[in-house]
Every structure is written in C-alpha cells, then in structure tokens.
Amino acid sequence: MKRLSVSTMCCKAALIDMDGVLYDSMPHHAEAWYRTIAPLGIECSREEFFMLEGSTRTRTINLLFNRAYGHDAAEELSLQLYAEKVRQFRALGEVLPMQGAGRVIDVLLLHNVRTILVTGSSQGTLLERLDDDYPGAFNEPFRITGEDVTHGKPSPEPYLMGLKRAKVSAHEAIVIENAPLGVEAGVAAGVFTVAVNTGPIPPQALYESGADIVFDSMTHFAEHITELIDIINTTTL
Ligand code: MG
C-alpha cells in the first residue's frame, strides 16, 4: 500500500525581528523620521513611519518624495536625509528592551529553539547591546542584519537567509515580527508568522499582511508562547 507523505510542523528555530520586538525602538524611529522629513514641507505623519518599518532608506524617502513632488530624491540628498534621521534617533535618547521580550527568549531557549536575529537594521547602537540584554541568544553566526541582505523586507530574502543559517526548513521555524512589511517577508518565506502589535498599527493591518496569529504585546505573547510551541509541534501538514 502506498504510504501517504505526511510531514509535521515543529519549532526548531525562531527568526526574530529587532525593532519593535526585542527593543521598544519604533517610537524613536518614527519620531526621528518625522523630524527629518516634516521640516522639508512634505506632509507626513508619525504613524505612517510605523507602517513603513522594515523598508529600506531609499524606498522610504522615495515614496514620500514621489507623493509630494512626483519624483525620487537625488541619491546625495537621500544619504544626507538618512544621516539626519540617524542623528535625530540618537538625540532621542536610550531605547529600552521591549517588555516581555526577555521572557519570550527564555521560553524559546528552554525549549531548545534556536533563536536568530533577522533585522533590516544596521544601527550599531542596538546591535552592540544584544549580548548584554539577551545573553547567549544571538551569538554569531545567528544574526542577519541590514549588512547581509540585498533586498530586505518585504522580500523573503532575510528570512530565507535565517532558515539557512539555522539549517532548518520553513515548516520547522517561526517568525516573530511587529511590522506589516516584516510579516509579509515572513509569510513569503513560507514560515508560520507571529505578529506582535507593539505600536499604533491596527491589528487588522497585520492580519492583512498575512500574519498567522497576532498578539497585542510581547508580554501577551510571553503568556501564550509555551502553548503555541506545543500546538506547532503537534501539527501535521
Ligand atoms: Mg520590527
């Protein structure tokens, strides 16, 4: 008799975004972008920078320039604006680890789930702090940053690289994301994608991006993560 091919989902690796997941850094990013772009006379809101999270510098700036002027920003101006955004971000002061994130990481490590950082950011200020704030969780080579990728989110590229580093397939991992473009990237990589709504985005936007489940905070996720790992480990595809 021909055997049916059945595979089981399991949670061997967690591919984890940084801004808005491990650090409560998105209010600073959104404010820094707003303080950079609004003085140019370009109409924008802090909320839309939460929606654009994960997008590259070029894509973010060109989207705003096209809306206001109907053309892209010159590369030199784009670089100057980004330098100003980074300066504004630093001036806003220290960013704190996201409440509940430490508990999520502890539970994952307790269940022998390999934790991997997958961020579009290259911002040294936070990357350098990871070992102090989340000891043992994101050792090299288990870090994908803006330096490693060509396309960035919403392309599946960063999450596909994360799977490769962890040596697992898509149905053996989960993605933990907070932004619509990041959720799209996780879903496009074929990975079960958990969204945590740590900013002002309506939860519907995260479901519309394809999130498999949405929690309203990392603390809320921490309360349910053990249960979720158990469900995933017993799910047959
Ligand atoms: Mg994020």
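Cut-off values and rules
- Residues numbered from 1 in each chain as written.
- Predicted model: local features only at pLDDT ≥ 70, side-chain atom pairs only at ≥ 80, totals over all residues.
- Heavy atoms only, no water.
- Helix = DSSP H or I, 4+ residues; strand = E, 2+ residues; numbered from the N terminus.
- Rg over C-alpha atoms; globule rule 2.2 N^0.38 Å.
- Buried < 20%, exposed > 50% of the residue type's maximum accessible area, 1.4 Å probe, protein only.
- Areas by Shrake-Rupley, 256 points an atom, 1.4 Å probe, with all protein chains shown as cover.
- Lys, Arg positive; Asp, Glu negative; His and termini not counted.
- Charge placed at Lys NZ, Arg CZ, Asp CG, Glu CD.
- Core = buried A, V, L, I, M, F, W, Y, C linked by side-chain atoms within 4.5 Å.
- Contact = heavy atoms within 4.5 Å.
- Donors = N, O, S within 2.8 Å, 3.2 Å for Na, K, Ca; no water.
- Domains from an automatic or database assignment.
- Buried area = accessible area lost by both parts, 1.4 Å probe.
- Salt bridge = Lys/Arg side-chain N within 4 Å of Asp/Glu carboxyl O.
- Pairing = 2+ DSSP bridges.
- Axes fitted to C-alpha atoms, helices over the stretch in contact; angles between N-to-C directions.

Some points on the overall build of the protein chain
Part 1 of the argument: Looking only at helices and strands, one finds 11 helices and six strands in the protein chain.
Part 2 of the argument: Taken over C-alpha atoms, the radius of gyration comes to 18 Å for the protein chain, in line with the 18 Å a tight globule of 237 residues would show.
Part 3 of the argument: Expressed along its principal axes, the backbone C-alpha trace of the protein chain runs to roughly 70 × 40 × 30 Å.
Part 4 of the argument: Residues classed as buried in the protein chain amount to 49% of the 237 residues present.
Part 5 of the argument: As displayed, the protein chain offers around 11500 Å² of accessible surface, 53% of which is attributable to carbon and sulfur atoms.
Part 6 of the argument: Separation of charge centres in the protein chain, based on 19 positive and 31 negative side chains, amounts to 6 Å.

With respect to the nonpolar core
Part 1 of the argument: Within the largest apolar cluster, 37 residues are counted, with the highest numbers of intra-cluster contacts made by Leu-22, Ile-176 and Phe-221.
Part 2 of the argument: Residue assignment for this core shows that the elements contributing at least two residues are strand S1 (13-16), helix H5 (101-110), helix H6 (124-127), strand S4 (173-177), strand S5 (192-196) and helix H11 (218-233).
Part 3 of the argument: Sequence-distant contacts of Phe-221, that is, excluding residues within four places in its chain, are made with Val-104, Ile-176, Val-194, Val-196, Phe-215 and Leu-228.

Considering the coordination of the magnesium ion
Part 1 of the argument: Distances from the magnesium ion to its protein donors, Asp-17 (OD), Asp-19 (O), Glu-53 (OE) and Asn-178 (OD1), fall within 1.9 to 2.1 Å.
Part 2 of the argument: Positions of the donor residues of the magnesium ion, expressed as sequence spacing, correspond to D-x1-D-x33-E-x124-N. Taken together, the residues span a long stretch of sequence, with Glu-53 in the loop between helix H2 (46-51) and helix H3 (57-69) and Asn-178 in the loop between S4 and helix H9 (180-188) at a distance of 125 residues.
Part 3 of the argument: Residue Asn-178 is classed as buried on the basis of its relative accessible area of 6%.

Some words on the domain arrangement of the protein chain
Part 1 of the argument: Each assigned domain of the protein chain is listed here: domain 1 (6-25 + 97-234) and domain 2 (26-91).
Part 2 of the argument: Distance from the C-alpha centre of domain 1 to the C-alpha centre of domain 2: 25 Å.
Part 3 of the argument: Across the boundary between the two partners, domain 1 contributes 17 residues, which contact 17 residues of domain 2.
Part 4 of the argument: Taking both sides of the interface into account, the surface hidden between domain 1 and domain 2 amounts to around 1300 Å²; carbon and sulfur atoms contribute 58%.
Part 5 of the argument: For the domain 1 face of the interface with domain 2, the top three residues by lost area are Ser-25, Gln-123 and Leu-181, together amounting to 39%.
Part 6 of the argument: At the boundary of domain 1 with domain 2, the tally comes to zero salt bridges.

Observations concerning the sheet that holds strand S3 (residues 143-144)
Within a sheet, neighbouring strands are paired by backbone hydrogen bonds and run either parallel or antiparallel to one another.
Part 1 of the argument: Read from one edge to the other, the open sheet built from six strands follows the order S3-S2-S1-S4-S5-S6, with strand pairing classed as parallel. Strands at the two margins of the open sheet, each flanked by one partner only, are S3 and strand S6 (213-215).
Part 2 of the argument: Direction of pairing for S5 relative to S6: parallel, over a ladder of three bridges. In the strand pairing of S6, Val-194 is matched with Ile-213.
Part 3 of the argument: Contacting S4, S5 and S6, H11 runs over the sheet at an angle of about 165° to S5.

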